[in-house]
Amino acid sequence: DIGEFFFVIDSIEKTDWYKESQVYFSTIWRFAEDKIYASRPLLDTDSASKPIGIIQLELDVKKLVKPIRSVHQEMGGVVLTDGEGNLIYKTPLNHEKQDLEIQEFLVRSKHSDFDTTKNFLIFTSEALSNGWKIHYLRNRDIINSQLQNFLLTTLLVMLSSIAFLLLLGILVSRVFSRRIL
């Protein structure tokens, strides 16, 4: 190994992800030990086809999703799955029952753009370039309370507008229907 970025082929040629990189010669995304790895073969410039090493980027999942987690903690959470639907990362939820509910969702779901569970509305991103998906969880109770406030405000504005228009109609009709002496 030369640092943490470049790997000589001899040190990694027996790993599954190295073998996969030799088939596709593209970036291989994988998840292990709370880290996301993006590995890509480095080809010899003379032959342009002989691999001489692997360049690998290592990302700490907790640091990567920290901004997302802080924003979405109150409203729900975020789930990251690979191309086969396997869990890569899930923001911790407030209750164990909610965690179980999301795990059941991941098992049964076909991961459509929108799905629901008992406590959550789930919006799923289109597949990322590596086939992974981001699922945004929104707490139904919070959305319902916000929606109820919005509907009550809308109803109040509508009723006020109708009352105003009725009053205006009565006044206008009296002015135009007054007897002319």
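All of these numbers come straight from a predicted model, not from anything done at the bench.

**Student:** How do you make sense of the pairing of strand E8 (residues 120–124) when you look at a structure like this?
**Tutor:** Looking along a regular strand, one sees the side chains alternate between the two faces of the sheet. Of all 5 residues in E8, 4 are buried; the element is thus mostly enclosed. Here 3 bridges tie strand E7 (residues 114–116) to E8, and the two strands are oriented antiparallel to one another. The partner of Thr 116 across the bridge, within E8, is Leu 121. Counted along the chain from E7 to the antiparallel partner E8, the turn is 3 residues long. In the sheet, E8 pairs with strand E9 (residues 133–139) via 5 bridges, with the strands oriented antiparallel. Residue pairing for E9: Phe 123 is matched across the bridge by Tyr 136.

**Student:** What is the right way to read the packing of aromatic side chains from this model?
**Tutor:** Two numbers describe a pair of aromatic rings. These are the distance of the centres and the angle of the planes. Enumeration over the complete set of coordinates arrives at 1 aromatic pair. For the ring pair Trp 29 and Trp 132, a centre distance of 6.0 Å and an interplane angle of 65 degrees mean the geometry is edge-to-face. With Trp 29 in strand E2 (residues 28–32) and Trp 132 in the loop between E8 and E9, this pair connects stretches of sequence that are 103 residues apart.

**Student:** Sorry if this is basic, but what is going on with the pattern of salt bridges here?
**Tutor:** A side chain of one charge can pair with a side chain of the opposite charge when the charged atoms of the two come close. A complete count under the given rule lists 1 salt bridge for this structure. Residue Lys 35 pairs with Glu 58 through a salt bridge whose shortest N-O separation is 3.9 Å. Placement of the pair is Lys 35 in strand E3 (residues 35–43) and Glu 58 in strand E4 (residues 51–60), with a sequence separation of 23 residues.

Analysis parameters
Residues numbered from 1 in each chain as written. Predicted model: local features only at pLDDT ≥ 70, side-chain atom pairs only at ≥ 80, totals over all residues. Heavy atoms only, no water. Buried < 20%, exposed > 50% of the residue type's maximum accessible area, 1.4 Å probe, protein only. Helix = DSSP H or I, 4+ residues; strand = E, 2+ residues; numbered from the N terminus. Pairing = 2+ DSSP bridges. Phe/Tyr/Trp six-rings, centres within 6.5 Å; stacked < 30°, edge-to-face > 60°. Salt bridge = Lys/Arg side-chain N within 4 Å of Asp/Glu carboxyl O.

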